Structures are given as C-alpha cells and as structure tokens.
Amino acid sequence: MDEPIVVAEGLHKRFGDVHALRGLDLAISAGKVCGLLGPNGAGKTTAVRILATLADPDAGRARVAGHDVVREADRVRALIGLAGQYAAVDEKLTGRENLRMFGRLHHLSRARARRRADELLERFGLAEAADRVAGTYSGGMRRRLDLMASLLVAPRVLFLDEPTTGLDPRSRGEIWDAVRRLADDGTTVLLTTQYLDEADRLADDIVVIDHGRVIGQGTPDELKATLGNRVDVLLEEPGSSAVAADVLAAMTGTAPHAPSPGRLTSPAPASLRLADVVRELDRADVAVTDVTLRRPSLDEVFLHLTDGTAHDPPAAPDTSAGQDVPADPNGAVRQAVPAGRGVGAGQGGRVGGTARDDEGEVA
Amino acid sequence: MAVTTMAGTGWRGRLRWTIEDGATLVGRELSRMRHEPGELVAALVFPAVMVLMFGYVMGSAIKVPGGGDYREYLMPGLFAMVTFSSVMAMTMKVATDASRGVMDRFRSMPMSRMAVPFGQTGADALSGALNLVIMAVMGLLVGWQPHDGPLRALAAFALLALLRYGLSWAGCYLGLVVRNEQTADQMLPLLFPVSMLSNAFVPTEGMPSWLRMIADWNPVSAATAACRQLFGNPGAPSADAAWPVAHPVAATICWSLLLMAVFMPLSIRAYHRKGR
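On a predicted model such as this, the values are computed, not experimentally measured, just so you know. (Residues numbered from 1 in each chain as written. Chains lettered and ligands numbered in written order. Predicted model: local features only at pLDDT ≥ 70, side-chain atom pairs only at ≥ 80, totals over all residues.)

## Quick look at the overall build of chain B
Okay, so step 1: Helix and strand counts for chain B come out as 13 helices and 0 strands.
Okay, so step 2: Its helices and strands taken in sequence order, chain B reads α-α-α-α-α-α-α-α-α-α-α-α-α from the N to the C terminus.
Okay, so step 3: For chain B, the C-alpha radius of gyration of 20 Å lies close to 19 Å, the compact-globule estimate for 276 residues.
Okay, so step 4: Here the C-alpha coordinates of chain B stretch approximately 70 × 40 × 35 Å along the principal axes. (Helix = DSSP H or I, 4+ residues; strand = E, 2+ residues; numbered from the N terminus. Rg over C-alpha atoms; globule rule 2.2 N^0.38 Å.)

Below is the structure:
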C-alpha cells in the first residue's frame, strides 16, 4: 500500500462568488489520522464533502482507496464513513433504531444490523440511553451516535467534519477517546477542526489550509520546528523590561515582543542556550522570575501561517486573532531556570528539522 | 467486512436494494409514528376545527344546492383538503432531513439513489392512509356516511390515496429544493387559501366567473367532486361546470398522474444533484 489511501489533486470548487477551494492537494497514508486545520471558511468542509462524494469538484480529482470520487462514487461510498458537526441522526427515533436503520441501509442483514448496533452502543457508552429518542440526547451523546452511525461497517476511511465544534470539554474528551481508539485499530481518519489542541492531540499529520489551499503541512513537531524555538522571560520588575529587551535583542537578533507588562517573548535561534540567557540577564542586573526556552505552540504556528506575516512573533496565542482556541500546554518544553544545564539535546535536535512544505512561509 | 456495493450487482440487485432501502425508510416512518402517535392526531386538529366551524357554525346558514345535509356536503371537501396538506407535510419532512444532515448521510452511503425519494413518499402514503381512516371515523361521528355501497366508497379512498401519492412527490421536490425547515414551515399557511379556492366548502356557481374558473380547475375541486360522486353525498356539479368538476374521477386520476410524471423525475434529479 504505497499509494496514499486518500489523494486529492488540484481540487477547485466555487460557489457563486466564493472560491472555496483553489487547487487543494492532499495525500493521506493508510492508518494515519490527518488533521485538516484552518480558520472558518478556509475550505475544510468543502474538501471533506468532495472526498465523501457529496459534492463534485469543479476541477481537479480525488481518489479514495484508488477509486475516483466522482466516477466511482458508489465504490467510494462503500468504503467511507462520514460524521460531523450536524449530527445527522433522526431525532425522532431512538439511538438503537437509528443505528439499525443505518445498518440496514448499509445493507447489513437484519440480524447483523441489530448485533452491530448493540456492539456500538455498548462500546461508546450509550447502551443505557439506547431506547430513548435521540431528540432527548445531549449534544455530546448525539455526536457520539452520529459517529457510531458512520462506523456500522468499519470504514476504511472515516471523515470527521468538526466533530467537536460546540461541545463542552467533557464531551470533546469522549469524542477524542473514540477517535483515538479508532485510529489505534488502524482506521484512516481525516479530521477537520478549528481547534489546535484537537489537531495536536489526535493527528499524526496536520495540513493547514486557508483560502482553499494548503499553506503548511507536516507532523505537529515538524510544523512547530518551522517556527524555531521561542524564549519567554518573566521579569520580577516590569520596569526593567527595556534593559531586558536590549539583552534579548542582542542575543536573538530580533526585538522581543511584550504580550503583557513584565513578560517578553522572542523567537530564538537554534544555537541559543538557556544558560546564556540567564547569565546575560544576570550580568545586566535584570531580576527574572522565569525564563523558558520552548518550542512554539501549534497556535503560534497556525497564526504564523494563516496571517502570512513575516517572522515577527505573533501576539500571545491565547488572546490574539479572536480564535476560539484554548491554550496549548503540551506544546511547551519547559526548562527550570536556576539549573545551569543547557537546552535539552533532544529539543535542540528538533530545531531546524525538516519542514516539508514551506510555501507561503517567510521563514 | 460485510460490505455490499451497489455497483457490480446488476440491475436485478439494484432493484432489490431499491425496494429494500425503500422498505427500511418506510419502517423508519412506522417507528416515528410509534414514538409520536400524537403527530398523526395533530395533523387532524385543523380539519376537526374545520368540521366545527363550517359544519356547525357557518353550515347552519349555508344551503346545499339541490338540497341535503351540509356536513355531508362538507366531508368530501375536508377529505380532499387533508389530502392536499400532505404536500406541506412532505416538504417539511424532506427539508428537515436535508437541513439536519440526514440526507447527506443517506447520500454518503452506498444506497440506491432512488430509494430515498421512493421510501419517503411511500412512508407518506402510509401515514396518509391512517389519516383517512381517522378522518372517516370523524366524519361518521358528525353524521356523514357513504351512501352508494362499500365498493364505491373504497374507490373514493383509493382515488384520494392516489392523489396524495402524486402530491407527496410534489412535496418531496419542494423539500429538496427548499432544504430548510423554517422556509418550509412558512409555506404552510399558503395551504389554506388554496383549499378554500375550490368547491370544498361552498359551491363555485356563485363565484365571479374568473374566480370560478380557477376554483373549478383547482385539483381540490376535482377530488372533492369525485368523492361526493362516489360517496353519494349531496352537491352534484351544475351542468355548466368546467371539465374537471364535470368529470371528477377522470380529472383526479389525470391530476395524480400528471403530478407523478412531473415531480418524480424532478425529485430524483434534485436528490442526485450534489454540491452546496
């Protein structure tokens, strides 16, 4: 299986004046979870709809497991599952009835549809609510039922279109667990999301799209590496920030950014060592509470890519751009300040690692 | 993996799956009815109110041409009106499926493409039949009854069922085009004037000639006149009535076939049409 299981080449799609896709290319290897990440209106849903045979591209072509999504739509349909933000279930039927109905429509025998429904209800923790009408379900339960309905015949490729948009954190966690387990079982998943932590948590590969084309892709680590390291300094005295800024500028070659008083952040060259930063600040008589050398969060990568700005650091990720994105605590590799140790070797090694797709990047 | 694809099974297999998928969707309607039997009844609240308002309030002042009880005259009109309401019910159902993504789920599955419109109209025929039964019981309660024997009465109900099936295809098409529950909901009040502009409640003879022309050609009029004829209820059309009212059974059959001929292909095409 050398050919990727999902391939899209130069997809274009236009809705009136809106050019939703402008030459989207995509390749997903079998067994991987691919996160399609982008702001609202980037073309994520359109891409999924084309791959799931719900829409035809104006130009370009796409194949799922070797079958063309336009010419061999029926073959593709037999191999895919689709679930998403709309929770496409019949609200007037019970969870069990929904699954049995969709099972029958997938051409499972009556007995097999029944058995499969029971299995899934058990596995996704909906057994107790199975005989309640889906209209009475919470948003999270409905989304899980929707996900189950797409798993009735163990799809080769599962398309999840913003599966957790609008869900509370606990329900999101439940969907995440479910997706993780599917991926562990070898299902290929294409997941669209506008939540960076979701992509970071679930995806093996991330494709960032904006304005209908790919603007960056790679593993979460590779994407982070394209931005290089960052150094954050928290000062004891906000008054000393001018001095500290000069010190940092001299060391990193870039004027640092002050997301809040007493806090400075700056991109860091790969050669920068934490101990040197601490020493230089100490020499300039700047008292610090915390110095961190870390990899950028996915938020920063995302903002960097979608803004199309130069290497100038974006503002603090959790407050900028109106993105509804929780901060990403896992992205940062923290270093204790007082230790005289340098930057961790593993981390340093990753800096400057391969960035596969630099188009649209000024790095 | 027990996956059966549509492709490669030939037309026989395709036909089989069309029928099985359609049957599954009819089963869906049965389950819905079981959970919300109230909906069947709710659909009849309006005709019940009509029976009260027209049968008892206004009917007391309306004289049936040629004599006879007004409620006997009214019931065939209400049968026709309820039959027409299926357009909106169907539009609502299909638009709800389309806007909630259920239709997309159907489309993303290896189902027969014809099964969804056929299944949904088939399911509607089923609830339509139940509706007629309840309506007939309601009619018997207020003093209506068929006078010309069970065969002609059955023929009248069969005619109504045929018309309803044709109308449900029109509703299916509208729902696929509208794709939005709210819009479908707003279309609902249009139904009343359409059924009023007919011979369902009053004879058309007294209307201005241009209005009478419209009313006589309204399919509601043909269905109403056909029911009156077959049930032996009062209100035989006058000699100068337009063709559909003078030959109501043939006209109703024509209307039904015409609706199917137009809206079956349109619905199937609309269901197939992708993109958005």
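## Remarks on the sheet that holds strand β3 (residues 33–37) of chain A
All names here are of chain A.
Okay, so step 1: Read from one edge of the open sheet, 6 strands run β6-β7-β8-β3-β9-β10, paired in mixed fashion. The strands lining the two open edges of the sheet, one partner per strand, are β6 (80–84) and β10 (213–218). This sheet shows a mean twist of 15 degrees between the axes of neighbouring strands, independent of strand direction.
Okay, so step 2: Pairing of strand β9 (residues 205–210) with β10, which is carried by 5 bridges, proceeds in the antiparallel orientation. Across the sheet, valine 207 pairs through a bridge with glutamine 217, a residue of β10.
Okay, so step 3: Contacts between helix α6 (residues 169–184) and the sheet are confined to β3, β7 (157–161) and β8 (188–193), with β8 contributing the most and set at about 150 degrees to the helix. (Pairing = 2+ DSSP bridges. Axes fitted to C-alpha atoms, helices over the stretch in contact; angles between N-to-C directions. Contact = placed C-beta atoms within 7 Å.)

## Examining the nonpolar core
Okay, so step 1: By size, the foremost hydrophobic cluster in this structure holds 150 residues, and its most contacted members are A:Leu51, A:Val64, A:Phe159, A:Leu190 and A:Leu191.
Okay, so step 2: For this core, the leading source of residues is helix α4 (residues 70–99) of chain B, giving 17 residues.
Okay, so step 3: For this core, the two domains that each supply at least three residues are domain 1 (6–222) and domain 2 (224–350) of chain A.
Okay, so step 4: With residues near it in sequence (within four places) discarded, A:Leu51 still touches A:Val6, A:Ala8, A:Ala62, A:Val64, A:Val69, A:Phe159 and A:Leu190.
Okay, so step 5: Core analysis: the next-biggest nonpolar cluster, separate from the first, contains 16 residues, A:Leu235, A:Leu264, A:Val286 and A:Leu293 among them. (Core = buried A, V, L, I, M, F, W, Y, C linked by C-beta atoms within 7 Å. Buried ≥ 20, exposed ≤ 12 C-beta atoms within 10 Å, placed from the backbone. Domains from an automatic or database assignment.)

## Describing the UniProt feature "transmembrane region" (unreviewed entry) in chain B
All names here are of chain B.
Okay, so step 1: When the UniProt feature table is mapped onto this chain numbering, "transmembrane region" (unreviewed entry) sits at residues 40–62, 74–95, 116–142, 154–178, 190–211 and 245–266.
Okay, so step 2: Counted over residues 116–142, helix gives 96% and strand 0%. Its end C-alpha atoms are 39 Å apart.
Okay, so step 3: Here residues 190–211 runs as 41% helix and 0% strand, with 17 Å between its end C-alpha atoms. (UniProt positions renumbered as here; feature names shortened; annotations may be inferred.)

## Quick notes on the interface of chain B and chain A
Okay, so step 1: Taken together, the contact pairs 28 residues of chain B with 28 residues of chain A.
Okay, so step 2: Mapped by element, the contributors of at least two residues to the side of chain B that touches chain A are α1 (10–35) and α5 (102–107) of chain B.
Okay, so step 3: Each residue belonging to the side of chain B that touches chain A can be placed in one class, and the counts come to 10 nonpolar, 8 polar and 10 charged. (Nonpolar A, V, L, I, M, F, W, Y, C, P; charged D, E, K, R; others polar.)

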